[in-house]
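Residue-level listing of the chains:
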Amino acid sequence: MSLINASLLFGIGLATLPVILHMIMRAKPKRIEFPALRLLKSRQTSNSRRMQLRHLLLLLLRTLLIAVLVLALTRPSLPAARYGLRWWEWLTLASTGLISALTYFWLRHRTSVRHAAAFDLKERRSRLRLWSVVLGSLAAMIAVGIPWGLRVRGELATPGNEATENVPIAAVFIIDTSVSMNYRFENKTRLEQARTIVQEHLGRLPAGSRAAVSGLGPEDDIVFQADLAGAASRLETLETTTVPESINRRLKAAIQFQIDDRVQDQERMGTGGTADTHAREIYVLTDFSKTAWREPDESGLSDALKASSWLQVYLVDIAVPQPINDSVSHLKLSEETSVAGRDLLLSMTVSSTSGAPELRRVETFVVENGVETPAGAPQNVKIENGAAQVNLTLRVAGTQPFVEGIVRLTSEDPLPEDNFRAFTCGVRTRPHVLLIADRLDESKYLRNALQPMELEQQGIKYCECTRVTTAQAGQQTFSNFDVVMVVNCQRPDEQLWESLRNFANAGGGVFVVAGSNRIDLNAWMTDAARDLLPGTPLQFVNFNTAPGNLKLVTDQHPVTREFAEDDSARVELSRAAFDRCRAIDPDPSAITLLGFTGPGDRPALLERTVGQGRCLMFTSAMDNLQDGGSQWNNFVVDNWAFLMLTDKILQYLTGASGAKRNYVAGQTIVIPVPASQRFDRYLLRRPGLRQTSGVLPSDESAVLIMDAHEVGHYRLKPFESRSPFDAAFAVNMRDEESNLEKIRDDQINAMLAGSNVSIVHAVEDLQRVVRAGRLGIEVFPVLMGLAILLFCAEHLMANYFYDDDSSQNSAGNPKTQRTASQLT
């Protein structure tokens, strides 16, 4: 315990005044002739004891009153700890008091029955009250006081840094600079509010103090500024970032920074141990957004705090009590690269913190050279239960190699940064597909799935399909096509297999369907076929007991990923019934994408990498001919999952699904560069039409971009080169930033678990909490309250003492009674 006004402690000598006065003014006994001495003599002994006890109690109260008043004026303070009783301690204390009271009343009842004399009964009840209070207090001390003392002693075992009001402070201010700190309330963002609080606190620091200011950005360092004015200037440079470091890690870095600086000061001063030139503090100003923390903590923060008991940490809450926010999140494109004239599906989640149903409007814009052009009519969205799933359709134009756009909420709210999302989609030329089958009818189902006749009649073409028979395949130049599909060829010759193998080695895509009863297995077992196919086809197998169904085997493959993420697509895929499939002897390098349910766990769709290309193989039919596919399955009959699967296969074989163009801020962006389009230098157009340059090393085949932190559209082109290379992508902030749910105090305490950590939810309490952290908990109000209680107790005791004496004298003197009655 420390004393702010220690010199006043000499006034404790005044507590001896009541003792001195008691000894000096002690009444001397007088000899008085009094009647009925025989009656009074029996009461002399008990009255003398009672009078002495009351004198001593009154003396003790007066002495304690003066001592407490003097002690209160010295303004003592205790080290910061949790001195309050916990809920279970309050419960134990209440139980102890209740048991004591019940015991007293029970014994009182028994005493009343056994002792009828009024005076004896009063005497025994007085003693019973005294012992009940004494024993109850002793029980409370054992049950509550001792455990409480041990707990507080444990918290004070490593006391914090004792300081006075004039000791310089070494303070580190960590400002939460995540996007949620842009929330505006009363015309001020949370970041601006944090700046104001820190500036005011800097002005209250003692002379000689040092301060460091840091945000959560990847480039924000923790460094003591030259003076407090420099720290105030550093505040103005802080901006929100889309790639914030977690508060856990930044707080751990601040603790390590204070430890290193403390060691340097001790080495410079030639001291050691607990000596320090500054009292050390860390302030974290945050909106307590749950996404700013990492649970569970893996940075070792709790251990660092326990080892740095001389350090005080203050978590300052500057959040709005009930934030209001609308947001767009989880934007997904049906494909990252599309074809001109095709519809691009945009799916997203529109959320609102309002609990009641809300109506919001979503708009889509196409951006070209920074100019936004509306794309389609706005869509009204009814939000129920806080969120709604929204699907928008955008027709892809073929005038540019990329479509850059945004989706935006028209409503305004205090956090506008999450009201929009940017997207980029590549536009490629229509892929050329060659379909080979013994009969053209066998390939028409696959052709109609790739290029629906209805859309082609409307002038909408997704691909250019060429259908030939197996006999005509040798007349085709495979290099003129992007994908070659072989459907149920009975006896393909060695030349066809070699042509397909060479086409795949050169980077082409091959898709093989083996779902026919007429297949000659010997023709599918040649060396060229084995070098190409994911597996060697064997005899077909019937599902006798129950039809087989398709199931996902690999759910993160570009062909199957959307089925895994979309429950309705996965259910539709599994709805098709298969009566027959082809047994396969898979190649060791092949992977299975789809399989069949039922015995044998047979593969349905396999993939194999061949040179620079790929080959996929389906082990059942993809037609509905009477003498063909209808005997194998009903997959192509009224099942939209068949259309979706063939489209995903085409995109994968053409390489369209492998190009990623939409990222989250902070991700490393890899842009492959073909060898035929290499360049040395490039320009990167960033959001806001800002440009930066870069170099592609000679030993690298891709451009790595690791600083795409700004939200918006990016475009990369070669600089001073004839290369036709062109790339574009979009970056959005993390979806989690839209979640303004606050982290609870118990969760923070579980991560930090340190008695030197204070959580401040009311900014106006910050100065009081900091003062308690520096000087300890001041007990002046408690002592003044105790002094008032002692004064009241002394007053009541004195009145009771003299009133009781007066009543007793009156009761024992008949002459007094007669005189009083006569006066009345």
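Please read all numbers here as calculations on a predicted model, not as lab measurements.

J.: Please clarify how the pairing of strand 11 (residues 343–352) should be interpreted in this entry.
T.: Along any regular strand, the residues point their side chains to alternate faces of the sheet. Across the ten residues of strand 11, eight count as buried, placing the element largely inside the fold. With six bridges joining them, strand 9 (residues 326–333) and strand 11 adopt antiparallel strand pairing. Residue pairing in the sheet places D326 in a bridge with S352 of strand 11. Bridge count between strand 11 and strand 15 (residues 387–395): nine bridges; the pairing is antiparallel. Residue pairing in the sheet places D343 in a bridge with R395 of strand 15.

J.: So what exactly am I meant to see when it comes to the nonpolar core here?
T.: The nonpolar side chains of a soluble globular protein tend to be buried with one another. Of all hydrophobic cores here, the largest spans 39 residues; its most connected members are F511, L605, L616 and F635. Here this core takes eight residues from helix 16 (residues 640–654), the largest share from any one element. Of all hydrophobic cores here, the second largest spans 30 residues; its members include A473, F478, L533 and V610.

J.: What's the story with a nonpolar patch on the surface in this structure? I'm lost.
T.: Side chains of W131, V134, L135, L138, M141, I142, I146 and L150 sit close together on the surface and give an oily, nonpolar patch of about 830 Å² of accessible area. Looking at the secondary structure, you find W131 in helix 5 (residues 118–155). On the basis of relative accessible area, W131 is assigned to the exposed category, the value being 54%.

J.: What exactly am I supposed to notice about the side chain of T469 here?
T.: Locating T469 in the fold gives a position in strand 19 (residues 464–469). Apart from the residues lying within four places of it in its own chain, the contact partners of T469 are I436, A437, D438 and L440.

J.: Quick question: what am I supposed to make of empty space enclosed by the protein here?
T.: Where empty space is left in the structure can be found by rolling a water-sized probe over the atoms. This structure, assessed with the given rule, holds four cavities of 30 Å³ or more. Considering only enclosed or pocket space, the largest cavity measures out at about 100 Å³ in volume. If you trace the largest cavity, you find it lined by S180, Y183, R190, D287, A319, V320, P323, L740 and K742.

J.: Would you explain the packing of aromatic side chains in this entry?
T.: Two numbers describe a pair of aromatic rings. These are the distance of the centres and the angle of the planes. The full count for this structure, using the stated rule, is 16 aromatic pairs. Both rings, one in F635 and one in F642, keep their centres 5.3 Å apart while their planes meet at 75°; by these two values the pair is edge-to-face. The class of F635 is buried, set by a relative accessible area of 0%. Relative accessible area serves as the criterion here: at 4%, F642 is assigned to the buried category. A centroid spacing of 6.4 Å and a plane angle of 75° characterise the contact between F679 and Y682, whose relative ring orientation is edge-to-face. By relative accessible area, F679 is classed as buried at 3%. Note on Y682: relative accessible area 9%, which makes it buried. Members of the aromatic cluster, each reached through a chain of ring pairs, are F543, F578, F596, F618, F635 and F642. If you follow R614 out to its NZ or CZ, it ends over the ring of Y652, 4.4 Å from the centre.

J.: Got a minute to help me understand the confidence of the model for the protein chain in this structure?
T.: Low-pLDDT stretches of the model should not have their predicted coordinates read in fine detail. Of the residues in the protein chain, 80% have a pLDDT of 70 or more, and the chain-wide mean is 84. In the predicted structure, residues 158–163 sits below a pLDDT of 50 and forms 14 contacts with residues beyond four places in sequence or in another chain. Across residues 810–824, confidence stays below pLDDT 50; counting only partners more than four residues off in sequence or on other chains, it has five contacts.

J.: I tried to follow the pattern of salt bridges on my own but got confused; where do I start?
T.: Here the idea is simple: oppositely charged side chains can pair when their charged atoms come close. Counted by the stated rule, this structure contains 42 salt bridges. Across the salt bridge formed by R268 and D265, the nearest N and O atoms sit 2.5 Å from each other. Pair noted here: R268 and D265 are both in helix 8 (residues 247–269), with a separation of three residues, about one helical turn. Among the residues examined, R268 registers a relative accessible area of 57% and is labelled exposed. Given a relative accessible area of 2%, D265 falls into the buried group. A salt bridge links K290 to E741; the nearest nitrogen and oxygen atoms lie 3.9 Å apart. Of this pair, K290 sits in the loop between strand 7 (279–286) and helix 9 (301–307) while E741 sits in the loop between strand 34 (727–732) and helix 17 (745–752), and the two are 451 residues apart along the sequence. Among the ionic contacts, a cluster of salt bridges with common partners joins R210, D261, R262, D265, R268, D276 and R280.

What counts, and where the lines are drawn
Residues numbered from 1 in each chain as written. Predicted model: local features only at pLDDT ≥ 70, side-chain atom pairs only at ≥ 80, totals over all residues. Heavy atoms only, no water. Buried < 20%, exposed > 50% of the residue type's maximum accessible area, 1.4 Å probe, protein only. Helix = DSSP H or I, 4+ residues; strand = E, 2+ residues; numbered from the N terminus. Pairing = 2+ DSSP bridges. Core = buried A, V, L, I, M, F, W, Y, C linked by side-chain atoms within 4.5 Å. Patch = residues over 30% accessible without salt bridge, like charges linked within 9 Å, V, L, I, M, F, W, Y side chains within 5 Å. Areas by Shrake-Rupley, 256 points an atom, 1.4 Å probe, with all protein chains shown as cover. Salt bridge = Lys/Arg side-chain N within 4 Å of Asp/Glu carboxyl O. Contact = heavy atoms within 4.5 Å. 1 Å grid on protein atoms, 1.4 Å probe; cavity = no way out; pocket = protein on both sides within 12 Å on 5 of 7 lines; lining within 4 Å. Points joined across faces, edges and corners; volume = space filled by probe spheres on them. Phe/Tyr/Trp six-rings, centres within 6.5 Å; stacked < 30°, edge-to-face > 60°. Lys NZ or Arg CZ within 6 Å of the ring centre and 35° of its normal. pLDDT = per-residue confidence, 0-100.

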